[in-house]
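Residue-level structural notes
Single-letter residue listing:
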Amino acid sequence: MTARKGIILAGGSGTRLYPITMAVSKQLLPLYDKPMIYYPITVLMLAGIREIAIITTPQDQPQFQRLLGDGSQWGLRFDWVVQPRPEGLAQAYLLAADFLNGAASAMVLGDNIFFGHGLPPLLHQADARQTGATIFCYRVRDPQRYGVVLFDDQDRPARLVEKPRTAISPWAVTGLYFLDGTAPERAARVTPSARGELEITALLDSYLAEDALTVQRMGRGFAWLDTGTHESLLDAGNFVRTLENRQGLQTGCPEEIAYEAGWISADALRARAELFHKTEYGAYLLRLLG
């Protein structure tokens, strides 16, 4: 069985929240004590994924590469894919088709934060499904901002609607998608929507039509934060700060996940800690060594 590969979509029109003089992908900015891009990377790592394509705009790619390198510091391998223009989430599967080369994938949006004690088992369940698609939905107060799932009277997914004008369902589709190896060819059949984008809902509809779409609800024990606004970006930073200060445990720490998985050695972890020796993050990495 071919190992599932990962995709992080770190480009797109929604990546800039600040005036042009501060134009930088927000995934390069810190979310509390680490770059935002660390959080989606660790989601894929928790699913056991080690080969990851990072899709960025041409102007942002050098900055991401300087920050992340080739991934070997965490026992990973990064491939770099350019997104010339943001043309919808389904476009990611066209851009990453050569990287995937027929493999199943897990894609996470670069500005989405996931947290929950039961997250790793949920991710591994999705990874175990080698055919079809698995998506995750989360109850929200403002479903008009998202794609939503409507369920039938037997609690099965019946319909996907992109940014509904009215609150027809409180269950928003999160920015985490586990799709099988047919995703790129399905994406190639998607036509642009009225707003000129290759919608992810149209791609997922092809799985739904074949009864091959699994929808996993993320309940009260999970947190999903979409940092698409200034307010939600601040909320996410405060959420991470509260967790870390209360528990004394890091959230979104790739070194910790890699070390516990056996992907990097104690010496490699110690070297990473030395890079941040004047910070609490570096002290935390040293504590992992006992």
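First, a word on scope: everything that follows refers to the structure included in this document. The structure displayed is predicted, hence computed values, not measured ones.

The rules behind the values
- Residues numbered from 1 in each chain as written.
- Predicted model: local features only at pLDDT ≥ 70, side-chain atom pairs only at ≥ 80, totals over all residues.
- Heavy atoms only, no water.
- Buried < 20%, exposed > 50% of the residue type's maximum accessible area, 1.4 Å probe, protein only.
- Helix = DSSP H or I, 4+ residues; strand = E, 2+ residues; numbered from the N terminus.
- Pairing = 2+ DSSP bridges.
- Core = buried A, V, L, I, M, F, W, Y, C linked by side-chain atoms within 4.5 Å.
- Contact = heavy atoms within 4.5 Å.
- Axes fitted to C-alpha atoms, helices over the stretch in contact; angles between N-to-C directions.
- Parallel < 35°, antiparallel > 145°, perpendicular 65-115°, else oblique.
- Salt bridge = Lys/Arg side-chain N within 4 Å of Asp/Glu carboxyl O.
- Arc of directions from axis to C-beta.
- Phe/Tyr/Trp six-rings, centres within 6.5 Å; stacked < 30°, edge-to-face > 60°.
- Left-handed = near helix turned anticlockwise from the far one by under 90°.
- Nonpolar A, V, L, I, M, F, W, Y, C, P; charged D, E, K, R; others polar.

Overview of the pairing of strand β1 (residues 5-9)
When you tally the buried positions in β1, you get five out of five residues, the bulk of the element. Across five bridges, the pairing between β1 and strand β6 (residues 105-109) is parallel. Bridge pairing in β6 places Leu-9 opposite Leu-109. Pairing of β1 with strand β4 (residues 51-56), which is carried by four bridges, proceeds in the parallel orientation. Of the residues in β4, the one forming a bridge with Ile-7 is Ala-53.

Re the side chain of Thr-174
Residue position: Thr-174 is located in strand β11 (residues 171-179). Residue classification places Thr-174 among the buried residues on the basis of a relative accessible area of 0%.

So, the nonpolar core
Note that soluble globular proteins tend to have their nonpolar side chains buried in a common cluster. Residues Ile-41, Leu-68 and Trp-74 are the most contacted members of the largest nonpolar core, which totals 45 residues. Those residues in contact with Trp-74 that lie beyond four places of it in its chain are Tyr-38, Ile-41, Met-45, Leu-68, Pro-254, Glu-255, Ala-258, Trp-263, Ile-264 and Arg-272. Listed in part, the 33 residues of the second largest apolar core include Ile-7, Val-81, Ala-183 and Val-190.

Some remarks on the packing of helix α9 (residues 254-261) against helix α11 (residues 280-288)
Geometry of a packed helix pair, given as the angle between the helix axes and the separation of the axes. One can describe the packing of α9 onto α11 by two numbers: an axis separation of 10 Å at closest approach and a directional angle of 10 degrees. One finds that α9 runs roughly parallel with respect to α11. Mapping the contact onto sequence places Pro-254, Glu-255, Glu-256 and Tyr-259 in α9 and Tyr-281, Tyr-284, Leu-285 and Leu-288 in α11.

Focus on the pattern of salt bridges
This model, assessed by the stated rule, comprises 17 salt bridges. With a shortest N-O distance of 2.9 Å, Glu-210 and Arg-186 are connected by a salt bridge. Of the two residues, Glu-210 sits in the loop between α7 (200-209) and β12 (213-218) while Arg-186 sits in helix α6 (residues 183-188), which places them 24 residues apart along the sequence. Taking the relative accessible area as the measure of exposure, Arg-186 reaches 8% and is therefore buried.

Overview of helix α5 (residues 119-128)
Every buried residue belonging to α5 is among Leu-119, Leu-122, Leu-123 and Ala-126, and all of these are buried. Axial view of α5: buried residues confined to an arc of 95 degrees, hence all on one face. Here the buried face of α5 lies against α1 (38-46), β7 (112-116), β8 (133-139), β11, β12 and β13 (222-226).

Re the packing of aromatic side chains
Counted by the stated rule, this structure contains eight aromatic pairs. Aromatic side chains Phe-136 and Phe-178 sit 6.0 Å apart centroid to centroid with 70 degrees between the ring planes, which places their arrangement in the edge-to-face category. Residue Phe-136 is located in strand β8, and its partner Phe-178 is located in strand β11; the two are separated by 42 residues in the primary sequence. You can call Phe-136 buried: its relative accessible area is 1%. When its relative accessible area of 1% is taken as the criterion, Phe-178 is described as buried.

Points about the packing of helix α10 (residues 266-275) against α11
It is at 7 Å that the axes of α10 and α11 come closest, and there the two elements cross at 160 degrees. Between α10 and α11, the interaxial angle falls into the category roughly antiparallel. Between α10 and α11 lies a crossing whose hand is left-handed. Contacts from Leu-269, Arg-270, Arg-272 and Ala-273 in α10 reach Gly-282, Leu-285, Leu-286 and Leu-288 in α11. Looking at the contact of α10 with α11 residue by residue, the class counts come to five nonpolar, one polar and two charged.

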